[in-house]
Amino acid sequence: GQQLNQSPQSMFIQEGEDVSMNCTSSSIFNTWLWYKQDPGEGPVLLIALYKAGELTSNGRLTAQFGITRKDSFLNISASIPSDVGIYFCAGHQGGSEKLVFGKGTKLTVNP
Amino acid sequence: EADIYQTPRYLVIGTGKKITLECSQTMGHDKMYWYQQDPGMELHLIHYSYGVNSTEKGDLSSESTVSRIRTEHFPLTLESARPSHTSQYLCASSESGWVFGDTQYFGPGTRLTVL
């Protein structure tokens with residue numbers, strides 16, 4: 001099946017630093033979604049992107065739908081300890097009802 | 001804010017028991033999904049439904065079954081639980097529609113341990 005390559009796999013940063021992670025694919029996607037998951041909980045939707053080139057912010061989070069429709073990135077500015085968790089990208093291709101998920105980026109923030 | 005609920009949140013049972021994991025949503029979404037996820041790992045789709053009386057198997061083979069008798073309710077059943085079924089089970093839903101139907105909202109999950 002289709003795969004999303006999400007990187008980096010893990011990140012260890014200091015509080016206050018900015019963070020960037022991305023997802024790429026060899027195929028075109030119509031929708032890009034970014035989720036955050038805390039241990040023992042379900043993924044929570046952070047940002048949804050529906051249009052190539054779209055740049056959307058949600059507080060300290062900013063995500064972009066790549067112009068080629070094959071990639072997306074998520075930036076977190078001025079990280080805080082509660083940003084700790086696993087961030088998943090997900091995409092939807094035309095002709096399929098299913099979401100394709102990345103393998104996640106585990107973020108650790110040191111106070 | 002998504003209104004999707006799962007019960008129980010945690011379940012520890014013995015091998016051979018029959019269990020049903022409950023999932024309900026109050027958003028009127030037509031589409032519902034079940035995923036299986038080991039801690040810190042990727043999500044695997046095991047079942048999905050596009051509406052009442054519609055169910056399909058997902059990408060990951062599962063011994064569980066599902067039903068969709070009401071729009072808001074999508075329970076998952078294991079007839080005879082085994083230790084290999086130990087995992088986190090996540091329910092999700094999305095609305096119909098060409099664009100926004102892609103956006104799935106997740107419940108809090110059920111952490112299942114089979115002894």
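Residues numbered from 1 in each chain as written. Chains lettered and ligands numbered in written order. Predicted model: local features only at pLDDT ≥ 70, side-chain atom pairs only at ≥ 80, totals over all residues. Heavy atoms only, no water.

**What to know about the overall build of chain B**
Step number 1: Scanning chain B from N- to C-terminus turns up zero helices and 11 strands.
Step number 2: Starting at the N terminus, the α and β elements of chain B follow one another as β-β-β-β-β-β-β-β-β-β-β.
Step number 3: Computed over its C-alpha atoms, the radius of gyration of chain B comes to 13 Å, within 12% of the 13 Å expected for a compact globule of 115 residues.
Step number 4: Projecting the C-alpha coordinates of chain B onto the three principal axes gives extents of approximately 40 × 30 × 25 Å.
Step number 5: Across the 115 residues that make up chain B, the buried fraction comes to 46%.
Step number 6: When contacts within chain B are restricted to residue pairs at least 6 apart in sequence, long-range pairs at least 24 apart make up 56% of them. (Helix = DSSP H or I, 4+ residues; strand = E, 2+ residues; numbered from the N terminus. Rg over C-alpha atoms; globule rule 2.2 N^0.38 Å. Buried < 20%, exposed > 50% of the residue type's maximum accessible area, 1.4 Å probe, protein only. Contact = heavy atoms within 4.5 Å.)

**A few points about the nonpolar core**
Step number 1: Membership of the largest hydrophobic core comes to 22 residues, with the highest contact counts inside it found for Leu74 and Leu107 of chain A.
Step number 2: Sorting the residues of this core by element identifies strand S2 (10-14), strand S3 (19-24), strand S4 (31-37), strand S5 (44-49), strand S7 (61-65), strand S8 (71-76), strand S9 (85-92) and strand S11 (105-110) of chain A as the ones contributing at least two each.
Step number 3: Counting 17 residues, the second largest nonpolar core, distinct from the first, contains Ile19, Met32, Leu76 and Val114 of chain B. (Core = buried A, V, L, I, M, F, W, Y, C linked by side-chain atoms within 4.5 Å.)

**Thoughts on the interface of chain A and chain B**
Step number 1: Each partner contributes to the interface: chain A provides 20 residues, whereas chain B provides 24 residues.
Step number 2: Buried surface at the junction of chain A and chain B, both sides included, amounts to about 1800 Å², of which 54% is carbon and sulfur.
Step number 3: Among the residues of chain A in contact with chain B, Tyr50, Glu97 and Lys98 of chain A are the three that bury the most area, contributing 30% of the side total.
Step number 4: Here chain A and chain B share three salt bridges between them.
Step number 5: Between Asp59 of chain B and Lys98 of chain A there is a salt bridge, and its shortest N-O distance comes to 3.0 Å. (Buried area = accessible area lost by both parts, 1.4 Å probe. Salt bridge = Lys/Arg side-chain N within 4 Å of Asp/Glu carboxyl O.)

**Re unusual backbone geometry**
Step number 1: Of note, the amide linkage connecting Ser7 of chain A to Pro8 of chain A takes the cis form, showing an omega dihedral of -5°.
Step number 2: Tracing the chain through its elements places Pro8 of chain A in the loop between strand S1 (5-7) and S2.
Step number 3: A positive phi angle, near 50°, is found at Ala78 of chain A, a position not held by glycine.
Step number 4: Looking at the element boundaries, Ala78 of chain A is found in the loop between S8 and S9.
Step number 5: Phi angles above zero are rare outside glycine, and Asn53 of chain B is one such case at about 65°.

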